[in-house]
Amino acid sequence: MNPAARTQAAIDLLDEIIAAAHGGGAAADTLIARYFSTRRYAGSKDRRAVRELVYTATRAAGDVPASGRAALVALARQNAELAATFDGSTYGPAPIDPAEEAASGGFAPGWLIDALSVSGIDADELPALVERAPLDVRVNRLKATRDSVVASLAGAEALARAPDALRLPAGTLVDQLPLYRDGVIEVQDAGSQIVGLALDARPGQHIVDLCAGAGGKTLAIAAAMDNRGAVLACDTDRARLSRLAPRAERAGVTIATTQLLDPSRETAALEEWQGRADAVLVDAPCSGTGTWRRNPEARWRLTNDRLERLCATQRHVLDVAAGLVRPGGTLIYIVCSLLDAE
């Protein structure tokens, strides 16, 4: 792909991402993966360049852009090299009209900026919410120590606040590393590792990961338990939960089982665990305002109505979780949000 074709591809993808934001469709990373799965002619450099363009444009637009072209035009007006790719060539976008509408800049829609301000987020902190996220991994203590991985992995930096966390250079292709294929490391933000430590999981315990998703925290819990005891990973999303089994096999985790839940019928499905769990971890469904660095288009999806529905879901999930904890047990509740409402 030439530079103009890459720009047009980014415009096409942004159109899909904007439509998904309006209609509750798939996340940006899923749409990007689907796009390139049907375009085998695009090489790895093409995919990286288009992806970078898409995410740069997404981070730069506070409100939902009118179109993918409007989002890229906004960038092009600040970048002569990008503007030159609007050349009207066969596979490139049409030239930019001086009077053409461009997406507005900002960090989030206005109502969200106000909500963040009320929640104690100062204006000078807003840029950090949409900057590129670092690349963190967790060392699987069932297979290695952090020191041994640092010694064998170039550029790895140990992080002080999470004993198993390493930060890798941006752009590292983690899934191509032998350490990843052998289950020695897992991609997991340091923040996720830190909140998981609050559970204080110990060998022999019985623990429920109630909103497990693909099981990142489940694997960390099992490693902290030295693979002794039982971890039940639950979720209402079959596709996400199905990813846990192969990850657990790679990590050497044998104490984790899964339970697919039907929303609003969780208590009945978990009857055998009522009042028995030593600890329950709840990483509740939320607005994700604290995860915009990884999912910048999420701020285009959030509305007041959706926020209210999320808060209602959170109250319900917390009630379900409380019933599972034994007397004297531990309940850890997490949201990836900066909003006081959550």
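Overview of the structure. Note that the coordinates shown come from a computational prediction; the quantities given were computed from them, not determined experimentally.

Definitions and cut-offs
- Residues numbered from 1 in each chain as written.
- Predicted model: local features only at pLDDT ≥ 70, side-chain atom pairs only at ≥ 80, totals over all residues.
- Heavy atoms only, no water.
- Helix = DSSP H or I, 4+ residues; strand = E, 2+ residues; numbered from the N terminus.
- Rg over C-alpha atoms; globule rule 2.2 N^0.38 Å.
- Buried < 20%, exposed > 50% of the residue type's maximum accessible area, 1.4 Å probe, protein only.
- Areas by Shrake-Rupley, 256 points an atom, 1.4 Å probe, with all protein chains shown as cover.
- Salt bridge = Lys/Arg side-chain N within 4 Å of Asp/Glu carboxyl O.
- 1 Å grid on protein atoms, 1.4 Å probe; cavity = no way out; pocket = protein on both sides within 12 Å on 5 of 7 lines; lining within 4 Å.
- Points joined across faces, edges and corners; volume = space filled by probe spheres on them.
- Nonpolar A, V, L, I, M, F, W, Y, C, P; charged D, E, K, R; others polar.

**Observations regarding the overall build of the protein chain**
- If you tally the helices and strands in the protein chain, you get 16 helices and nine strands.
- In terms of C-alpha radius of gyration, the protein chain reaches 22 Å, essentially the compact-globule figure of 20 Å for 342 residues.
- Across the 342 residues of the protein chain, 45% fall into the buried class.
- Only carbon and sulfur atoms are counted for the fraction: they give 50% of the accessible area of the protein chain, which is about 16700 Å².

**Remarks on the pattern of salt bridges**
- Going through the model one piece at a time under the given rule, you end up with 13 salt bridges.
- When the shortest N-O distance is used, the salt bridge between Glu 52 and Arg 132 registers 3.6 Å. Separated by 80 residues along the polypeptide, Glu 52 in helix α3 (residues 44–60) and Arg 132 in the loop between α7 (126–130) and β1 (135–139) bring together distant segments of the chain.
- On the basis of relative accessible area, Glu 52 is assigned to the partly exposed category, the value being 40%.
- With a relative accessible area of 52%, Arg 132 lands in the exposed category.
- The partner of Asp 278 in a salt bridge is Arg 326, and the shortest N-O contact between them spans 2.7 Å.

**Overview of the layout of surface pockets**
- Counted as a void, the second largest pocket has a volume near 230 Å³.
- In this structure, the second largest pocket is lined by 19 residues; those nearest its centre are Gln 193, Gly 196, Leu 197, Ala 220 and Ala 224.
- Residue assignment for the lining of the second largest pocket shows that the elements contributing at least two residues are β1, α10 (190–197) and α11 (216–224).
- For the lining of the second largest pocket, the element with the most residues is α11, which contributes five residues.
- Each residue belonging to the lining of the second largest pocket can be placed in one class, and the counts come to ten nonpolar, four polar and five charged.

Bear in mind that shape data such as this cannot, by itself, settle questions of function.
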